[in-house]
Amino acid sequence: MTAATGTMRPVRHPSLRRRRSPLARWYRRHERAVLGIVGITAFLLFWELGSRAGVIDAFFFSRPTGILEAAVAEVQLPRFWNDVRVSAFEFFGGFIIAVGLGVPLGLLLGWYRRLSYLVDPWLNLFNSLPRLALLPIIVLWLGLGTEAKLATVFLGAFFSIVIPTVQGVRTVDRRLLDVATSFGASQRRIFTSVVLPATVPFIVTGIRLGIGRALIGVVLAEIYAQTEGLGVMIDRSADTLQAGRMFFGILIFVAAGVISVQGLRRIEESFQRWRPAQEES
Amino acid sequence: MHGTEIALSARGVRLEYMDRATRVSMLAIERMDLDIHEGEFVAIVGPSGCGKTTFLKIVDGLLPVTDGEIVVGSGGHGRDHAMVFQDSSLFPWYSVLDNVAYGLVCQGVGKREAQDRARPYIDMVGLSGFQSKFPYQLSGGMQQRANLARALTVDPELLLMDEPFASLDAQTRELMQAELLRICAAAGKTVLFITHQIDEAIFLADRVIVMSARPGRILADIDIELSRPRELSVKRTAPFTAYEDQVWKLIASQLPALGPQRAAA
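Residues numbered from 1 in each chain as written. Chains lettered and ligands numbered in written order. Predicted model: local features only at pLDDT ≥ 70, side-chain atom pairs only at ≥ 80, totals over all residues.

What follows deals with the overall build of chain A. What chain A contains, in helices and strands, is 13 helices and zero strands. For chain A, the sequential pattern of α-helices and β-strands runs α-α-α-α-α-α-α-α-α-α-α-α-α. On C-alpha atoms alone, chain A measures out to a radius of gyration of 25 Å, which is more than a quarter above the 19 Å that the 2.2 N^0.38 rule sets for 281 residues. Seen through its C-alpha atoms, chain A measures out along the principal axes to roughly 75 × 75 × 30 Å. (Helix = DSSP H or I, 4+ residues; strand = E, 2+ residues; numbered from the N terminus. Rg over C-alpha atoms; globule rule 2.2 N^0.38 Å.)

This is the structure in structure tokens:
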């Protein structure tokens, strides 16, 4: 009787192992990261050299060093930091409201079938609606200020959080619900000991999708309203043919997305110790 | 050896349900009359789909009866019954210890006390040292040990077991059968055990109930007069195989592919 182990690694015969140099062994261990960096570096190098050689038109496409120069100039402007602050507030504000309302609503709709029958048509309608089409009316109702932008971000993220959460509750393993009932668990305990833990992976998926949608919402609302924020900065840079500055703005959104998703993964891992270790993807 | 107290009494139990797809009323269990005395080990065998698991769920209170009456327990110290489910019924997000303590926690026992009371049962089923593992880190046999410990921890008068070893490999299954007899002897439980393995039923039980094909009813109630404690080697003795033949003929008579004439051969 032995415990089943999570992952097993084939052990090479020592005589085979000895032939590899330390460098080769280091490479094998970090192959994934190394190749990823090689891919990015090759692309940047091609861009930079192509631009300097005149194959790529630097006027429209800039180049990595051009973006760096634009970034250095940009971070010295107070207007830039105001844009960052405004966009960050819209993103986090709208996103937190979306999570705060989306997760509880998703849990309720998954748990109470009648309630979901009542709300499902609206959910489907809003989810299939291109939310870009709502932008004019949001501005009509809420003006060009922060409220309109928070609403756009919220609408972007909300449905991608609600829908997987509902799905998660509905697909809870019947057998586990039977176990809880069999041991006399109260409704409340069934919810906290079975439904909630089983739904966490779905909630996390929804939040991950929501991060992307929320960022889209920020850019969209800012470009539409043309008041302030990084979206405006990107739009104005493109209009005034400052490709380097434009790419810098885009990179900030990329960084925000990557950092949020990575942060989420950390949180997720602490929730998911009970799952077998998975290959990172 | 067995008390005179009745641990389970089923009278005229009948179950009809509405098939969702066809909207036709189906009869799952036609009639079950069954008494189990305290300390008895009763196994129910029958062809698949005969309603044996359904009957167990009725006893456990997970399904309502259409007609008839079920009385469980005589008001002893612990809970009157607890179920050992089929495979993968442990909560994957709880450690072995929290899984085994679950029943007590449901009864309102504090978490720390529930864990303290769960530990002896973890030892009893042979999982000492594995209490902080998660289910995915256990083999199938060990998961079913934990599953058994979870039911034993609430100290039930009647232990309900729903094909608990069905998904284990043949060797582990035999080992677990012997383990179950050891544990039941130590804990002194009344057991109602569902299985489709004829040899498993005969090896474990004092009485083997053979059920008909759907709609389920009792075809035979066979006393197994093999002495205890039983070793696995009893399976290769003449009385044992005679019981196997007897049960198999009853079950084969219920299988449409075989028909009564071949089963008689």
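More follows now that the structure is in view.
Here the focus is the sheet that holds strand β5 (residues 81–84) of chain B. All names here are of chain B. Here nine strands make up an open sheet; going across it, the order is β4-β1-β2-β9-β8-β3-β7-β6-β5 and the pairing mixed. Only two strands of the sheet have a single partner each, and these edge strands are β4 (67–72) and β5. Pairs of neighbouring strands in the sheet enclose a mean axial angle of 20°, with direction left out of account. Here four bridges tie strand β3 (residues 41–45) to strand β8 (residues 207–211), and the two strands are oriented parallel to one another. From the neighbouring strand, V42 faces β8, where its bridge partner is R207. (Pairing = 2+ DSSP bridges. Axes fitted to C-alpha atoms, helices over the stretch in contact; angles between N-to-C directions.)

Right, let's get into the confidence of the model for chain B. Averaged over every residue, the pLDDT of chain B is 88; the share at 70 or more is 94%. Overall fold confidence for the complex sits at a pTM of 0.82, while the interface term, ipTM, reaches 0.87. (pLDDT = per-residue confidence, 0-100.)

Turning our attention to unusual backbone geometry. All names here are of chain B. Of note, the bond from R214 into P215 is cis; its omega dihedral lies within 30 degrees of zero at -5°. Here P215 shows up in the loop between β8 and β9 (216–223). Each neighbour pair has its own omega, and for R228 with P229 the value is -5°, a cis peptide bond. Mapped onto the elements of the fold, P229 is located in the loop between β9 and α7 (238–252). Of note, the phi angle at R23 is positive, near 60°, even though the residue is not glycine. Tracing the chain through its elements places R23 in the loop between β1 (6–18) and β2 (25–37). Judged by the 7 C-beta atoms lying within 10 Å of it, R23 is exposed. (Buried ≥ 20, exposed ≤ 12 C-beta atoms within 10 Å, placed from the backbone.)

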